[in-house]
Every structure is written in structure tokens, then in C-alpha cells.
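# Observations on the three-dimensional arrangement
Chain by chain, the residues run as shown.
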Amino acid sequence: MDKLKKVLIIANNGMGNSGVPNVIAQVIESQQHYCKFSIVVFNDDDYYYPFLKQHNVEIIKMKEVAPKNVILKLFWYFFRQPRYFYKKTKMFLKNRKYDAVHSFKEEEGWPFLKAALKAGVQTRITHCNNEFKKRNSFLSNYLANWNLRKMNKYANVFVGVCKMCCETMFPKKPYQVIYNSYNEQKYNLKVDNKLKNELVLTQVATFSNRKNQLFTIEVINSLKEIGINCKTKLVGFPIQESYYLDMLLLIEKYKLSDCIEIIDGRNGIGDIFEKTTFLLL
């Protein structure tokens, strides 16, 4: 067998029990006979750590604590943090030779891709799971587009989960769609006949503005106002603490605690789908 290619993966955040870490695990498993992997993570979520250790993947933690002051935090997020990631990765790549850097960090992955280019890494992959959308404010929209341009400048391989994702993230770039897969045996579910006279709604997703649980709560309140009783299960865990707090406050405001159950999904979801009437995506 030829010498294994060395690949540095940049995680979106950590390796918790959620969608992007699952995709990363699939990439590692499918390429384990061809590549030797290292992975950069940014928090302490460790659901996939046993899997990574089993596949001899080196885990590199890269973390910088944001200031508490709101103005300083904005400056840190948009300017200091990218510079920190770029310098840290550039120094790291000075002493480590990789054949490829594979970023799952959306448009915010450009500092790692830039460092890879400067270090002479030939293959620089950006792998996106979201469409690029306009932000709410002028400043955040300007900076998001600035990040996007830099990502497209420093990457040379472009991968996304669907055509629209690729067209919005990689304008005028050649791209490849690789669909996220799932275990058919695990999700080949049967309808639980006990639910035929009961409405149970379930949403499985990390608690964040990308997943929009606040809208789900508004929907449940609207159903309650027109006299439809239902049970709702919000399964996941917070990746935005302020958003999770907003969820709790909205549930309290509408007095929905008797019909909305929040379930920690970090250790799996068991048979929850079999006890669900409708799954909310």
C-alpha cells in the first residue's frame, strides 16, 4: 500500500452528537485506508472521541476565550479570532506536513485555508453544510461576505451537501455535491399505533438560531390558541446559551411547559421517533 496521505480536518466546532461531527466521522471511516487524520476542535464536546481514538485520529484543541464586554467581543469575533486562528495554524503547519486541509467551518474557515496555502498544502477543501444567506444587519452582512470571499480565495476544492448550498457558497467555482448519508437500518422506523389518536411533534437539532426552535414554540402556541392539544419534544443541546435562554423564556411566556418537553440529545435519542406523529425539520 502506498504511504498514507496526511489530512488535517478543521471541525465546525466540537465533536458532539450532532450532524456535522457525524459527517466528519463518515469521511474518516470511508478514507481510513488511504489517509492518516488529525482534527482541530474548538470546544469540549467529546461524543465522537472514542471513535476518533479507535481510528488513531490526533485531536488538536484550539480555543481562545472571548472577552465579556459586548464591543470587545464583536471586535474579537470578527478580527482578533481569525488572526489568532491563522497565526496558530501557520505555526503548527511549519512543523507538520499535510497533503490536505479539509475545513468544515463554513466561510469562517478561511484563516485555516490561508495558513495551509502559505505552508504549501496542495489540497485545500472547504466543505459546507449550509446555504449562504443575507444577515440581519449591515455590519454582519458585510463581514460575512468578506469571509466568504476569503474562503473562496484560499480553498481550491469545493464541496457542499446540495446544489443550492454550493451555488450560494461557491459562486463561479467548480463544486462537487456529496450528500450527507444516514444509517437506513437505524432509521427504518415503524409507526406506533398507540399514537393514532395523539398528536406528538418532535424536533431534533442543536439549540441555536440556525435550527429555529423559537419558531417551533410560536407554532405550538398558535395550535394551543385554536384549541389543538399536542405534545412537543425539543431534542438537542445548547450551542448558543443565549438562544437556549430565549427558548425557555418564550415557553414560560406562553405557559407551554405542560406540553413542551426539552430532552438532552447528547447521548442519543433512543426510540423517540417511534413515539412521534410528525417530525419538524
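Residues numbered from 1 in each chain as written. Predicted model: local features only at pLDDT ≥ 70, side-chain atom pairs only at ≥ 80, totals over all residues. Heavy atoms only, no water.

A few words now on the packing of aromatic side chains. Within a pair of aromatic rings, the relevant descriptors are the distance that separates the centres and the angle that separates the planes. Taken as a whole and judged by the stated rule, the model has twelve aromatic pairs. With 5.5 Å between their ring centres and 5 degrees between their planes, Phe207 and Tyr244 make a pair best called stacked. Of this pair, Phe207 sits in the loop between strand E8 (200-204) and helix H7 (213-225) while Tyr244 sits in helix H8 (residues 241-253); the two residues are 37 residues apart in sequence, bridging distant segments of the chain. Residue classification places Phe207 among the buried residues on the basis of a relative accessible area of 2%. Here Tyr244 falls in the partly exposed class, since its relative accessible area comes to 22%. A cation over a ring is seen here: Lys105 above Phe42, with NZ or CZ 4.0 Å from the ring centre. (Phe/Tyr/Trp six-rings, centres within 6.5 Å; stacked < 30°, edge-to-face > 60°. Helix = DSSP H or I, 4+ residues; strand = E, 2+ residues; numbered from the N terminus. Buried < 20%, exposed > 50% of the residue type's maximum accessible area, 1.4 Å probe, protein only. Lys NZ or Arg CZ within 6 Å of the ring centre and 35° of its normal.)

We now examine unusual backbone geometry. Notably, Asn56 is not glycine yet its phi reads approximately 55 degrees, a positive angle. With respect to the secondary-structure elements, Asn56 resides in the loop between helix H2 (49-54) and strand E3 (58-61). One non-glycine residue, Lys255, lies in the positive phi region at around 55 degrees. Of note, Lys255 is situated in the loop between H8 and strand E10 (260-264). Residue Lys255 is classed as exposed on the basis of its relative accessible area, which comes to 62%.

Bringing the packing of H7 against H8 into the picture now. Remark: H7 packs on H8, axes separated minimally by 10 Å, with the N-to-C direction vectors making an angle of 10 degrees. Considered as vectors, H7 and H8 are oriented roughly parallel to each other. Contacts between H7 and H8 involve Gln213, Leu214, Ile217 and Glu218 from the former and Tyr243, Asp246, Met247, Leu250 and Ile251 from the latter. Residue composition of the contact of H7 with H8, by class: six nonpolar, one polar and two charged. (Axes fitted to C-alpha atoms, helices over the stretch in contact; angles between N-to-C directions. Parallel < 35°, antiparallel > 145°, perpendicular 65-115°, else oblique. Contact = heavy atoms within 4.5 Å. Nonpolar A, V, L, I, M, F, W, Y, C, P; charged D, E, K, R; others polar.)

So, about the confidence of the model for the protein. Per-residue pLDDT for the protein has a mean of 89; in total, 95% of the residues score no lower than 70. The element-level mean pLDDT for the protein is lowest in helix H3 (residues 70-95), coming to 84, with strand E4 (residues 100-103) highest at 98. (pLDDT = per-residue confidence, 0-100.)

Once that is clear, we can look at the environment of Phe85. Topologically, Phe85 is positioned in helix H3. The class of Phe85 is buried, set by a relative accessible area of 6%. The spacing of Phe85 and Asn156 is 71 residues in sequence and 20 Å in space, taken between C-alpha atoms. Apart from the residues lying within four places of it in its own chain, the contact partners of Phe85 are Phe42, Met62, Lys105, Pro111 and Phe112.

Looking now at the packing of helix H4 (residues 110-118) against helix H5 (residues 138-154). Closest axis-to-axis distance for the H4/H5 pair is 9 Å, and the angle between their directions is 30 degrees. Between H4 and H5, the interaxial angle falls into the category roughly parallel. Judged by the sense of rotation from one axis to the other, the crossing of H4 with H5 is left-handed. Of the residues in H5, those touching H4 at Trp110, Leu113, Lys114 and Leu117 are Trp146, Asn147, Lys150, Met151 and Tyr154. Here the residues of the contact of H4 with H5 are counted per class, giving six nonpolar, one polar and two charged. (Left-handed = near helix turned anticlockwise from the far one by under 90°.)

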